[in-house]
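Residues per chain, in single letters:
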Amino acid sequence: MFKVESDGIDSLEIGLWVHPSCPENDLIKVGRSFLAGRLADMTTVASETAYTPSEVDALWQTVKPV
């Protein structure tokens, strides 16, 4: 289980399964390799149809409280 934390963002836990035949001294390294792939996939999916920073700013300018 890996826990991802960042200031201002809710923490996220990502569970990974590694085959039991994997040598124990490689478990973390193998797990991190799988995690890197999943995070890359999440980044790709999250950025699809997402606003650019300038679009977010323009939207905020239309809805921000006075």
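Here, every reference points to the structure presented above.
Everything quoted here is computed from the prediction, not taken from an experiment.

Description of unusual backbone geometry
Here is step 1: The backbone of Thr-49 sits at a positive phi, close to 60 degrees, despite the residue not being glycine.
Here is step 2: Note on placement: Thr-49 falls in the loop between helix 1 (27-47) and helix 2 (53-63).
Here is step 3: Using a relative accessible area of 85% as the deciding quantity, one classes Thr-49 as exposed.

Some details on the pairing of strand 2 (residues 9-14)
Here is step 1: Two strands pair when backbone bridges link them, and strand 1 (residues 2-6) and strand 2 are joined in this way by four bridges, in the antiparallel orientation. Considered in strand 2, the bridge of Phe-2 is made with Ile-14.
Here is step 2: Remark: two residues form the turn of the hairpin made by strand 1 and strand 2, two consecutive strands paired antiparallel; Gly-8 in that turn has positive phi of roughly 85 degrees.

Definitions and limits used
- Residues numbered from 1 in each chain as written.
- Predicted model: local features only at pLDDT ≥ 70, side-chain atom pairs only at ≥ 80, totals over all residues.
- Heavy atoms only, no water.
- Helix = DSSP H or I, 4+ residues; strand = E, 2+ residues; numbered from the N terminus.
- Buried < 20%, exposed > 50% of the residue type's maximum accessible area, 1.4 Å probe, protein only.
- Pairing = 2+ DSSP bridges.

Don't take any of this as a statement about function, it's just geometry.
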